[in-house]
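Secondary and tertiary structure notes
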Amino acid sequence: MNGTPWTGYFLDGRAAERHAVTVAFGTSALEIADADGLPLATWPYAELRATERISAKRIRAGQVLRLARGEADEARLVLSEVLADDAPLDGSRLTELLTLAPQLASRSRLSRQAVRRFGLATAGFAAVAAALWFLWPPVADLTAGLVPRSWEDRLGRRLVEELLATGKVCNEPAGTEALDRLAARLTESLTPPHPVTVTVVDRAEINAFAAPGGHILLLSGLIETAGSAEEVAGVLAHEVGHTVERHGMRSMVRNLGAGLIFELLSGGSSLANVAPVLTMLAYSRDFEAEADARAVELLAAANIRTDGLADFFARLAREEEELPQVFAYLSTHPAAALRQIATARGSPAGGPAMTPEDWAALQGICGSAE
Amino acid sequence: MTDATFSAAMTPPLGADHIAAKAPGPKEPGRRVRYDGRSLDLFWIYLKNLVLTFVTLGIYRFWATTRIRRFIWSHLRFLDEPFEYVGTGKELFLGFLKAMLALIPIFIGLGVLDFLFFQFLPEFYWASELLRFTIIMSLIYLGTYAAQRYRMSRTLWRGIRFQQAGSAWVYLGLAMRGLLLTVLTLGLYTPFVNVRLKSYEMNNLSFGSQPFAFDGQGKDLFKPFLIAWALALPTLFLSMFWFAARSYRYYASRLSVAGLRFAMPVTGLQVAWLQISNLLLLVVSLGLLYPVVVRRTLDFWCQNLAVEGAVDFKKISQAEQGPKTGEGLASYFGMDAVGV
Ligand SMILES: [Zn+2]
């Protein structure tokens, strides 16, 4: 053992004053005594902990060593002159201490146990997330099914009012009649009946919406740029498909819940702006495919040729680069190119969607021929 | 105060410490508070944290925060004694889980309410939005105070804990009242609410058995605020940096603990430069220069903090135990100021 005692100061965790101490290596514990040699504390080697990790190789002259006893005790022992300027590491007091309390030099905090724990926690977290991912849609659909039809209808009307605030309603009588006839033909085959209300808004974008409760909006840009009445019929049938499957209500509940779950699990800092009701009308890809399939059924039942929707998407994909307003439809109805393939089974068998007179009237529904 | 007494105070004696008043220059070896962490060391911790947080799908982030705090605290020294952070990642994680359980019903309730208002009382939809805003603001204030309480209870200096007493609900009450009055007075109430909140926070803070005392009054900052407010538009809001610096100087001068008094002689230009340059560093480096930003920030505040007075450390005894789990709400809303 070294002749000179190891000095430093002791903070007893009860008061803030420093006690000058000398430290001696006992048989099973560090013996801490004050300047007069009176014992202050005895710290077993097995319980020693360094508040900052020490690496014997990187220890520098003049560095101090801060020790604690266990995890909870606030007392601290600060040893100075861990290594004198010229002293070799071998045989020093530090190496002696590290032999008696090897845990002080333990290499890394990330022990095998920690790796296993974090691994398990990560797997558990992933499992919970996956379970929610698969379980949430059916749960959301059940919840949506509990909403009374009258609420759904009222909600849809409110949403349409919000959207209508952005443009004037087109209601030339002849065009409106033509459109209503088309809508009636498309919904005729449905049991139980699903009444829809179709409104045309005077806006240049190519887009259509199906709000809850069968409230369908067509933007006039879609009608004006359509190549045929069958294209409009295809889009309308698609939106009716959304209505029949109650996609509006279902995706509202789904999206609301999914957003909440994501933010809660990720500790997201955007909880403060949980999306309000209005942004909930973007449909998922499977809803789009469902609506497409429904559209083909409805058109066939109404004896209208079923390739209109496919034509519409084909034209949209072609014009995507030229017409900026096309983006509006693509952003709410993604992957147009893929869906063109999905609806390719539409066939030219069947009759026209409406008479040439009705089609002309529909195209003039906004009154502005110029 | 002569340099002789100043240097005598440099190595604190073991009993009472007398500290000379002097705003130390940047290279002053006897700076009262100093940060001596190497940016490179912090950078490795930061990098390791990023990787581990990524592979654990974010779960590691509580332990990551803890590691960063341990590093920074242990390299921050006052009177040649480092601070020590004794919080754990587990505590932060449990706090987060608790907050999550509390938030689920609140947000489901808000969602349903939003829906009902939209459905049945569309003309009062604004009330639903106001309620949502109020609840979220309240959660932010509650979370801030609770986080402060946790952080203080896990901060050790000379083996003694800090303690943030007081009630988060009272704090919330003061904050919401202040927010309302600020809105009603077009912002003119700002200095009053700022000082009121600072006062509540500081007068409930203690180091062990020694309470901090803060005797600031909002009216003292009213004139500077009026000037900064009037000049806000012509100076593109840069006058607010000047007001911020003025506030820091004022807060420091009104604070005392255990016979110590403080001064923080910073100027608006310095504060503006620090914050703008830090922001630029973070943006340009995509966050990788975070350790440098920490170093610059802490260096700046340490260099500018002057402390004066005498402390009898024998009379400072241990504080009561703090909360068992940490932060919770504050893990949401991203309210960590320096990111630590
Ligand atoms: Zn669709």
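Calculation criteria
Residues numbered from 1 in each chain as written. Chains lettered and ligands numbered in written order. Predicted model: local features only at pLDDT ≥ 70, side-chain atom pairs only at ≥ 80, totals over all residues. Heavy atoms only, no water. Helix = DSSP H or I, 4+ residues; strand = E, 2+ residues; numbered from the N terminus. Buried < 20%, exposed > 50% of the residue type's maximum accessible area, 1.4 Å probe, protein only. Contact = heavy atoms within 4.5 Å. Pairing = 2+ DSSP bridges. Axes fitted to C-alpha atoms, helices over the stretch in contact; angles between N-to-C directions. Disulfide = S-S within 2.5 Å. pLDDT = per-residue confidence, 0-100. Phe/Tyr/Trp six-rings, centres within 6.5 Å; stacked < 30°, edge-to-face > 60°. Arc of directions from axis to C-beta.

This part is about the overall build of chain B. For chain B, the helix and strand inventory stands at 11 helices and 11 strands. Scored against the burial criterion, the 340 residues of chain B give a buried share of 49%. Of the contacts made within chain B by residues no fewer than 6 positions apart, 69% connect residues no fewer than 24 positions apart.

Residue and element names in this part refer to chain A. Spatially, 4-3-2-1-7-6-5 is the arrangement adopted by the 7 strands of the open sheet, whose pairing is antiparallel. Each edge of the open sheet carries a strand with a single partner, namely strand 4 (39–44) and strand 5 (48–50). Ignoring which end each strand starts from, the neighbouring axes of this sheet average 35° apart. Of the pairings in the sheet, the one linking strand 1 (residues 6–11) to strand 7 (residues 76–79) comprises 4 bridges and is antiparallel in character.

This part is about the state of the cysteines. All names here are of chain A. Per the counting criterion, the structure on display carries 1 disulfide over all chains. The residue that forms a disulfide with Cys170 is Cys366, at a sulfur-sulfur distance of 1.9 Å. Because the torsion about its S-S bond is 85°, the bridge between Cys170 and Cys366 counts as right-handed. Of this pair, Cys170 sits in strand 8 (residues 169–170) while Cys366 sits in the segment after helix 12 (356–363); the two residues are 196 residues apart in sequence, bridging distant segments of the chain.

All names here are of chain A. For chain A, the mean per-residue pLDDT works out to 79, and 78% of the residues sit at or above 70. By mean pLDDT, helix 11 (residues 336–342) is the weakest element of chain A at 49, and strand 4 is the strongest at 92. When the criterion is pLDDT under 50, residues 269–280 qualifies, and its contacts beyond four places in sequence or with other chains add up to 32 contacts. Overall, residues 334–338 carries pLDDT values under 50, and its contacts beyond four positions in sequence, including any with other chains, amount to 5 contacts.

As a further point, take the environment of Leu286(B). Residues and elements named next belong to chain B. Tracing the sequence through the fold places Leu286 in the loop between helix 10 (268–284) and helix 11 (290–304). Residue class for Leu286 comes out exposed when judged on its relative accessible area of 77%. For the pair Leu286 and Leu142, spaced 144 residues apart in sequence, the C-alpha separation works out to 31 Å.

Residue and element names in this part refer to chain B. Here strand 10 (residues 260–263) shows one buried face, formed by Leu260 and Phe262, and one open face, formed by Arg261 and Ala263. Where strand 9 (residues 255–257) folds back onto strand 10 in an antiparallel hairpin, the turn is made up of 2 residues, including Ala258, whose phi is positive at roughly 50°. In this sheet, strand 11 (residues 306–311) lies alongside strand 10 in antiparallel orientation, the contact comprising 4 bridges. By the bridge assignment, Arg261 is partnered in strand 11 with Glu308.

Right, let's get into the packing of aromatic side chains. All names here are of chain B. Applying the stated criterion across every chain yields a total of 29 aromatic pairs over all chains. Each ring, one from Tyr145 and one from Tyr200, has its centre 5.9 Å from the other, and the planes form 45°; the classification is tilted. Residue Tyr145 is found in helix 5 (residues 125–153), and its partner Tyr200 is found in helix 7 (residues 190–203); the two are separated by 55 residues along the sequence. Residue Tyr145 shares its accessibility class with Tyr200, and that shared class is buried. Ring geometry for Phe162 against Phe212: centres 6.5 Å apart, planes inclined by 35°, an arrangement best described as tilted.

Note on placement: Glu17(A) falls in the loop between strand 1 and strand 2 (19–25). The contacts of Glu17(A), once residues within four sequence positions are left out, are Phe10(A), Leu11(A), Arg158(B), Phe313(B) and Lys314(B).

Residues and elements named next belong to chain A. Here 4 strands make up an open sheet; going across it, the order is 8-9-11-10 and the pairing mixed. A single partner strand is all that each edge strand has here, and the edge strands are strand 8 and strand 10 (208–211). Sheet topology note: the strand 8/strand 9 (residues 197–201) ladder contains 2 bridges and is antiparallel. Bridge pairing in strand 9 links Val169 to Val201. This element, helix 3 (residues 149–164), spans strand 8, strand 9, strand 10 and strand 11 (215–219) of the sheet and lies at about 20° to strand 11.

Looking now at helix 1 (residues 93–100) of chain A. Residue and element names in this part refer to chain A. Among all positions of helix 1, only Arg93, Leu94, Leu97 and Leu98 are buried. Buried residues of helix 1, viewed axially, fall in a sector of 135°; they line one side. Of the surrounding elements, those touching the buried residues of helix 1 are strand 1, strand 2, strand 3 (29–34), strand 5 and strand 6 (65–69).

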